[in-house]
Amino acid sequence: MVRIDKKATRLYVLDTNVLIHDPAALYQFDEHEVVIPMTVLEELDKHKNGIREIARTARQVSRTLSDLTANVDISQIREGIPIQRLNGTEGRLRLLCYNDLQPLEHLEDSPDNRLLSETCRLREERDDASVILVTKDINLRVKAAALSVPVEDYLTDRAFDDSDAMLGGARVYPEAGHDGRGLWEDLRVDVKVVRQDDRVIYHLNGEIPDDWHLGMLLSDSDNGASFEAIVREVSPQHARLELLTDYRHGASVWGVHAHDSRQNFTLNLLMDDDIDLVSIAGSAGTGKTFMTLAAAFQQTLDTKRFERVVFTRAPISMSEDIGYLPGTEEEKMSPWMGAFHDNMDNLLRDEHDGTSAWNQEATRQLLGSRVQIRAPGFMRGRTLNDTFLIIDEAQNFTPKQLKSLITRAGRNTKIVCLGNVGQIDTPYLTANTCGMAAVVQHFRDWPHAGHVTLMSVERSRLALAGEELL
């Protein structure tokens, strides 16, 4: 991105894709002026018809602009319409229209080039201010930079600043030692250990690290940890930790054991009655879907905590689409359910003869009566009670779409979001603007939510090798 020397007065010219990406973008620029050129209004008019998400968003933006211009006179429209911003300051909205706009030389007439012409014209008229074009279109940003037009990406909706900064959900203290004794010495806190209803609780008083948050895993090692606890309460001077159940050897979840500290933490979150929303990130092969399905069937078929399992995912193709699919809703979703069927085959596989009960019709009918495979497009308006809801490939949902799914939760419902922000197939979404990132960040301090980022086996071995070298 080109570095811009900004003046005190700034005019932000918004592209159409910014408004469609975030209909509330008008309110995100503090005390500065927002400019909507006529080219953008015409493009919104072209997008408004239809039932697709882009049409709904275009109509929402048009209604917002209509409300802002409803109670102002002509002079206010010319001078700028006052807007009360989210942080309490007041900015202005300007609608830009030139009757004698000259196209840029050697460039064909297109909406992008007209937008560049309008931005250049406005910059010539307002030499007292910084005129900045804001667009999500990478090619338009490159063209603007080539024409020496100040340009920026729209970054306000990012869940975090760095794509590598998404919460890991775990903090490892290799020096903690058995029972965390070394940890307390390093942290300089007073520790009181009590037992409550078969649970071991640690009460910490002193200087609590700033990066601790609710639902965080504290461990003394990524592998073979002797101390693992979850943060139940945290403040600058106090924290309450609870020891986790060890699912490595004795205890298991539907026959599934953890291989490392993060997998053990994942199984604890999935089996915790106090945790209603779990988000699990990690690359392929880390066991996200496998452990989630095991926990779902354990709590649905064995303990009877839930009545059903609902499995959904974004039907986004990695490459070219194969066209319309025949059959019912579940039959249409079948090509997208490869991960579900593969993991069910592994969960029901007999280690002795290598066969899987998932291939037997009786087993499929038994589990199929408790499992529903649903398309996310038909989830709106539903209320899911007594349900274990699994949202796979959550990184391919926008924050708005994922919000629509999460708000389906009713009485006694647990939601698990699975995803890998390194594998996004949806255009215009990135690792820090996708729905997965938004869920992790917004529910960070909610006591009934938990997140963990799993590590691959190779990465775990590298981490161990690094600890040995140190």
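Predicted model only: the values in this text are computed from it and were never measured. Every chain is numbered on its own, with residues counted from 1 as its sequence reads. Since the coordinates come from a predicted model, pLDDT governs what is reported: local features require at least 70, and pairs of side-chain atoms require 80 or more to be given and counted, while whole-chain, interface and lining totals use all residues. Only hydrogens and water are set aside when side-chain values are computed; all heavy atoms of the structure are taken into account.

Q: Break down unusual backbone geometry for me, citing the residues and quoting the values.
A: For serine 148, which is not glycine, the phi torsion reads 60° and is therefore positive. At asparagine 412, a residue that is not glycine, the phi angle is positive and equals roughly 55°. Secondary structure elements follow DSSP: runs of H or I no shorter than four residues count as helices, runs of E no shorter than two count as strands, and numbering proceeds from the N terminus. Take asparagine 412: it is sitting in the loop between helix 13 (399-406) and strand 17 (414-419).

Q: Any details on the packing of helix 8 (residues 261-271) against helix 9 (residues 288-302)? Residues and values, ideally.
A: In this analysis, axes come from line fits to C-alpha atoms, helices being fitted only over the stretch in contact, and the angle between any two N-to-C directions falls in the range 0 to 180 degrees. It is the contact of helix 8 with helix 9, at a shortest axis distance of 10 Å, that shows an interaxial angle of 35°. For the pair helix 8 and helix 9, the sense of crossing is right-handed. On the side of helix 8, the interface is formed by Gln263, Thr266, Leu267, Leu270 and Met271, while helix 9 contributes Met291, Thr292, Ala295, Gln298 and Gln299. When grouped by side-chain class, the residues that make up the contact of helix 8 with helix 9 number five nonpolar, five polar and no charged. Each helix crossing is assigned a hand: it is left-handed if the near helix lies turned anticlockwise from the far helix by less than a right angle, otherwise right-handed if that turn is clockwise. Whether two residues are in contact is decided by their heavy atoms: any pair within 4.5 Å suffices. Residue polarity is assigned by list, with Asp, Glu, Lys and Arg as charged and Ala, Val, Leu, Ile, Met, Phe, Trp, Tyr, Cys and Pro as nonpolar; anything else, Gly included, falls into the polar class.

Q: Go over the environment of glutamine 60 with me, naming the residues and quoting the values.
A: With respect to the element layout, glutamine 60 can be found in helix 3 (residues 53-70). Distance from glutamine 60 to alanine 24, taken between C-alpha atoms, is 9.6 Å for residues 36 residues apart in sequence.

Q: So, helix 3: which residues are in play, and what are the values?
A: A helix's residues, less one, multiplied by 1.5 Å, set its expected span. Taking 1.5 Å per residue as the helical rise, helix 3 with its 18 residues ought to reach 26 Å, and the 26 Å between its terminal C-alpha atoms agrees with that figure. Categorising residues by exposure relies on relative accessible area from a 1.4 Å probe, with only protein chains included: less than 20% of the type maximum marks a residue as buried, more than 50% marks it as exposed, and the intermediate range marks it as partly exposed. Residues Ala55, Thr57, Ala58, Val61, Thr64, Leu65 and Leu68 constitute the buried set of helix 3. Buried residues along helix 3 sit in contact with helix 1 (16-21), helix 2 (38-47), strand 3 (81-84) and strand 4 (90-96).

Q: I'd like to hear about the packing of aromatic side chains, residue by residue, with values.
A: Two rings from Phe, Tyr or Trp (for Trp, the six-membered ring) form a pair when their centres sit within 6.5 Å of each other. Planes less than 30 degrees apart are called stacked, planes more than 60 degrees apart edge-to-face, and all others tilted. Taken as a whole and assessed by the stated rule, the structure comprises six aromatic pairs. Taken together, a centroid distance of 6.3 Å and an interplanar angle of 40° make the contact between phenylalanine 29 and tyrosine 154 tilted. Of the two residues, phenylalanine 29 sits in the loop between helix 1 and strand 2 (33-37) while tyrosine 154 sits in the loop between strand 6 (151-152) and strand 7 (170-172), which places them 125 residues apart along the sequence. An aromatic cluster is built from Tyr12, Phe29 and Tyr154, whose rings are joined through pairwise contacts.

Q: Could you give an account of the packing of helix 5 (residues 111-125) against helix 6 (residues 138-146), naming the residues involved and the relevant values?
A: Interhelical geometry of helix 5 versus helix 6 gives an angle of 40° and a closest axis separation of 11 Å. By the angle between their axes, helix 5 is oblique relative to helix 6. By crossing handedness, the relation of helix 5 to helix 6 is classed as right-handed. Between helix 5 and helix 6, the contacting residues are Asp112, Asn113, Leu115 and Leu116 on the first element and Leu140, Lys143 and Ala144 on the second. When grouped by side-chain class, the residues that make up the contact of helix 5 with helix 6 number four nonpolar, one polar and two charged. Should an angle fall under 35 degrees it is taken as roughly parallel, and over 145 as roughly antiparallel, whereas 65 to 115 is taken as roughly perpendicular and any remaining angle as oblique.

Q: Tell me what's going on with the side chain of arginine 94, and back it up with residues and numbers.
A: Mapped onto the elements, arginine 94 comes out in strand 4. Look past the residues within four positions of arginine 94 in its chain and what remains in contact with it is Leu11, Glu33, Val34, Val35, Ile36, Arg78, Gly80, Leu122 and Arg126.

Q: Tell me about the nonpolar core, residues and numbers included.
A: Note on soluble globular proteins: their nonpolar side chains tend to be buried together. By nonpolar core is meant a set of buried Ala, Val, Leu, Ile, Met, Phe, Trp, Tyr and Cys residues that side-chain atoms within 4.5 Å join together. Of all hydrophobic cores here, the largest spans 39 residues; its most connected members are Leu270, Ile280, Leu293, Met344, Phe388 and Ile390. Elements with a minimum of two residues in this core: helix 8, strand 13 (277-281), helix 9, strand 14 (308-313), helix 11 (338-347), strand 15 (371-373), strand 16 (387-392) and strand 17. The element best represented in this core is helix 9, accounting for seven residues. Sequence-distant contacts of phenylalanine 388, defined by excluding residues within four places in its chain, comprise Leu270, Thr292, Ala295, Ala296, Gln299, Phe306, Arg308, Val309, Val310, Lys414 and Val416. Formed by 38 residues, the second largest nonpolar core is a distinct cluster that contains Leu14, Ala58, Ile81 and Ile83.

Q: Describe in detail the pattern of salt bridges, supporting the description with residues and values.
A: Salt bridges, as used here, are contacts in which a Lys or Arg side-chain nitrogen is within 4 Å of a carboxyl oxygen on Asp or Glu. All told, the structure shown has 18 salt bridges when counted by the stated rule. Here glutamate 125 and arginine 121 are joined by a salt bridge, their closest N and O atoms 3.3 Å apart. One end of the pair is glutamate 125 and the other is arginine 121, both in helix 5 and four residues apart, which spans about a single turn. Where arginine 240 meets glutamate 233, a salt bridge forms, and the shortest distance between an N and an O atom there is 3.3 Å. Via salt bridges that share partners, Arg199, Arg232, Glu242 and Asp272 belong to a single interconnected network.

Q: Which residues make up helix 2, and what are the values?
A: All of the buried residues in helix 2 are Thr39, Val40, Glu43 and Leu44. Projected down its long axis, helix 2 carries its buried residues within an arc of 140°, all on one side. As for helix 2, its buried residues are in contact with strand 1 (10-14), helix 1, strand 2, helix 3 and helix 5. Note that the arc is defined by the directions from the helix axis to the C-beta atoms.

Q: Now, about the pairing of strand 13: what can you tell me, with residues and values included?
A: Most of strand 13 is tucked away, with five of its five residues classed as buried. Burial along strand 13 is two-sided: Leu277, Ser279 and Ala281 and Val278 and Ile280, pointing in opposite directions, are all buried. With five bridges connecting them, strand 13 and strand 17 associate as parallel partners. Looking at the pairing, leucine 277 lines up with isoleucine 415 of strand 17. Here a strand pair is declared whenever DSSP counts at least two bridges between the two strands. Bridge count between strand 13 and strand 18 (residues 449-453): five bridges; the pairing is parallel. When the sheet's bridge partners are listed, valine 278 is paired in strand 18 with glycine 450.

Just geometry here; none of it tells us what the structure is for.
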